[in-house]
Amino acid sequence: MRVTLKAVLPVAVLAAAAAWGVGGRWSPPPADAQSPPPAAAVARVGFIDTQRVMAKSAAGVSAREALERDKAAMQKQVDTLQSELAKLKDELEKKGQLLSPEVRKEKQDTMERKVRDLRRLADDFEKDLAKKDRELMVKFARDLQGVVQKVGKERGYTLIVDARAGLIYGAPEADLTEEVIKEFDAASRKASTAPTKP
């Protein structure tokens with residue numbers, strides 16, 4: 001019986017393939033305890049310090065400055081009323097004995113009314129400032145969330161947390177605060193130079 005190369009070659013290839021684990025049923029090699037997980041399973045986690053973003057970003061600084069300007073204008077009005085009140089009180093103390101009872105009563109009523117006005121004005125200003133602060137914080141948080149999402153998606157992060165929300169430890173290389181500040185400033189510049197719709 002004569003064996004030809006044509007008949008032996010396919011059988012030899014199949015035998016070699018079976019020996020190497022190639023062919024119909026392949027089973028993966030046993031998992032090594034030391035082998036790293038697949039790249040898709042690795043979660044990238046980063047953190048930001050929102051207080052630092054608020055303090056160092058252009059949007060945060062601008063929001064604080066706007067609030068301080070409003071506070072200063074309100075304080076000026078309160079100071080003016082306090083000055084008027086002090087003059088009226090001083091006048092009553094110095095000239096009170098010389099004034100007729102009707103005039104003195106009128107000045108006392110005016111002073112009491114100004115005290116009530118001052119208290120009401122200070123209370124209104126405090127409420128206005130608190131409302132403006134809340135509005136600025138909501139806008140800042142909304143804008144910051146958009147920037148953080150953008151940074152997270154572009155850089156392949158699975159999770160980005162706020163360092164002030166209970167983070168106990170974060171490696172410095174996981175701190176994305178400076179990157180977020182740069183992106184936030186760029187987005188703020190872009191938004192301020194964009195033409196406004198009529």
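That block above? That's the structure.
Since the structure is predicted, the reported quantities are computational estimates derived from the model, not experimental observations.

*Asks:* Could you clarify how one ought to interpret the environment of Phe 184 in this entry?
*Replies:* Inspection of the secondary structure puts Phe 184 in helix H5 (residues 177–193). Given the relative accessible area of 3%, Phe 184 is considered buried. Discounting chain neighbours no more than four positions away, the residues touching Phe 184 are Val 53, Ser 57, Ala 59, Phe 140, Asp 143, Leu 144 and Val 147.

*Asks:* How should I be thinking about the pattern of salt bridges in this particular structure?
*Replies:* Pairing of side chains with opposite charge becomes possible as their charged atoms draw close. If you walk through the whole model with that rule in mind, you get 17 salt bridges. In this structure, the salt-bridge partner of Glu 178 is Lys 56, at a minimum N-O distance of 3.0 Å. Taken as a pair, Glu 178 in helix H5 and Lys 56 in helix H2 (residues 50–56) lie far apart in primary sequence, 122 residues in all. A residue is classified by how much of its surface remains accessible, and Glu 178, at 34% relative accessible area, is partly exposed. For Glu 179, the salt bridge identified is with Arg 155, shortest N-O distance 2.6 Å. With Glu 179 in helix H5 and Arg 155 in the loop between helix H4 (101–154) and strand E2 (159–162), this pair connects stretches of sequence that are 24 residues apart. Arg 155 sits in the partly exposed class, given a relative accessible area of 29%.

*Asks:* Is there a simple way to think about the environment of Ala 66 in this case?
*Replies:* Inspection of the secondary structure assignment puts Ala 66 in helix H3 (residues 58–95). By relative accessible area, which is 23% here, Ala 66 ends up partly exposed.

Here is what the cut-offs are and how they apply
- Residues numbered from 1 in each chain as written.
- Predicted model: local features only at pLDDT ≥ 70, side-chain atom pairs only at ≥ 80, totals over all residues.
- Heavy atoms only, no water.
- Helix = DSSP H or I, 4+ residues; strand = E, 2+ residues; numbered from the N terminus.
- Buried < 20%, exposed > 50% of the residue type's maximum accessible area, 1.4 Å probe, protein only.
- Contact = heavy atoms within 4.5 Å.
- Salt bridge = Lys/Arg side-chain N within 4 Å of Asp/Glu carboxyl O.

Interpretation note: all reported values are geometric properties and have no functional meaning in isolation.
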